[in-house]
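# Chains, contacts and geometry: an overview
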Amino acid sequence: LMATMAAQAQEPLGTSIPPPGITQAAAAKSPWAVDMFLHADHFKKNSRLNEQNMGIGIKYYYPDTLLNWGGEFFAEVGGLRNSQKGQARFIGVGYTKKFFEMNGVRVSGSLAPVYIDYGAKGKSVARGLVLPFVSVGYGNWDVNTVYFSKHDGGFLLFSLQYRW
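Cut-offs used in this document
For every chain, the first residue of its written sequence is number 1, and the numbers climb from 1 along that sequence. Only residues with pLDDT of at least 70 get local features here, since the model is predicted, and only at 80 or more are side-chain atom pairs given and counted; chain-wide, interface and lining totals rely on the full set of residues. Computation of side-chain values covers all heavy atoms of the structure but excludes hydrogens and water. A pair of aromatic rings is counted whenever rings of Phe, Tyr or Trp (Trp by its six-membered ring) have centres within 6.5 Å, and the orientation is called stacked for planes under 30 degrees apart, edge-to-face for over 60 and tilted otherwise. Numbering goes from the N terminus for both helices and strands, where a helix is a DSSP run of H or I of at least four residues and a strand is a run of E of at least two. For patch detection, residues must exceed 30% relative accessible area and be free of salt bridges, and they are connected within 9 Å for like charges or within 5 Å for nonpolar side chains (Val, Leu, Ile, Met, Phe, Trp, Tyr). The protein chains shown are the only cover counted for residues, whose accessible areas, like all others here, come from Shrake-Rupley with a 1.4 Å probe. Salt bridges are counted wherever a side-chain nitrogen of Lys or Arg sits within 4 Å of a carboxyl oxygen of Asp or Glu. Classification of residues uses two cut-offs on accessible area relative to the type maximum, computed with a 1.4 Å probe and protein chains only: under 20% is buried, over 50% is exposed, and between them is partly exposed. The set of buried Ala, Val, Leu, Ile, Met, Phe, Trp, Tyr and Cys residues whose side-chain atoms join them within 4.5 Å is what this entry labels a nonpolar core. Residue contacts are defined here by distance: any two heavy atoms, one from each residue, within 4.5 Å place the two residues in contact.

Geometrically, a pair of aromatic rings is defined through the distance of the ring centres and the angle of the planes. Inspection of the entire model under this criterion finds 10 aromatic pairs. Pairing Phe73 with Tyr95 gives two aromatic rings, centres 4.9 Å apart and planes at 75°, and the pair type is edge-to-face. With Phe73 in strand 3 (residues 72–81) and Tyr95 in strand 4 (residues 87–102), the pair connects residues that are 22 residues apart, well separated along the chain. The rings of Tyr61, Phe74 and Phe133 are connected pair by pair, giving a single aromatic cluster.

What follows concerns a nonpolar patch on the surface. A cluster of nonpolar side chains, contributed by Trp32, Ile58, Tyr60, Tyr62, Val77, Ile91, Tyr115 and Trp164, occupies part of the molecular surface with about 810 Å² of accessible area. Among the elements that make up the nonpolar patch, the one with the highest residue count is strand 2 (residues 55–63) (3 residues). Relative to the elements of secondary structure, Ile58 occurs in strand 2. Taking the relative accessible area as the measure of exposure, Ile58 reaches 37% and is therefore partly exposed.

Grouped together as the largest cluster of nonpolar side chains are 19 residues, with contacts concentrated most on Phe90, Val114, Ile116, Leu131, Val146, Phe148 and Leu157. Elements with a contribution of two residues or more to this core: strand 1 (32–42), strand 3, strand 4, strand 5 (105–117), strand 6 (126–138), strand 7 (141–148) and strand 8 (155–163). Other than its neighbours up to four places away in sequence, Val114 contacts Phe90, Ile91, Gly92, Arg127, Gly128, Leu129 and Leu131.

This paragraph deals with the pattern of salt bridges. All told, the structure shown has 8 salt bridges when counted by the stated rule. Close ionic contact of Lys45 with Asp41 constitutes a salt bridge, the shortest N to O distance being 2.5 Å. Accessibility expressed as a relative area gives 58% for Lys45, which makes it exposed. The class for Asp41 is partly exposed, based on a relative accessible area of 28%. Between Asp117 and Arg89 there is a salt bridge whose closest N-O contact spans 2.8 Å. With a gap of 28 residues between them, Asp117 in strand 5 and Arg89 in strand 4 connect regions that are remote in the sequence. Accessibility expressed as a relative area gives 44% for Arg89, which makes it partly exposed. Residues participating in the shared-partner salt-bridge network are Asp35, Lys59 and Glu76.

If you want it as structure tokens, here you go:
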């Protein structure tokens, strides 16, 4: 504690040392991100399915100071056009960890329990799911892929994320 206080006293005004357990790089990133949902690729093709699943989500990240696994916790809320042309809404929390980085390109994986109101035509189908994510990113941008397992073969949902 004394060393931290001494280091802060020697820093120029306007700079700071991040709280214990948070790296300088993590402290420099904003905790806020926006996900722009774009496309779903269904494994069993069907002409009635909408694969242009446009939507938006707002995500908040928090550094992992609890488990110390080197990742981040997050919470997200949003909505998108589902595959039956209805409006799906979701809320979820999760954990993400960077597994690889080279020349600024990073690969991360996430796991998130999510509650979805799928918004099927004429009825509401709400359920809880645990979804795996894979992300490839550079700078402030990430391309996210989420796998949904369904009785009809499932699908991959793609989104573009910007974290400012």
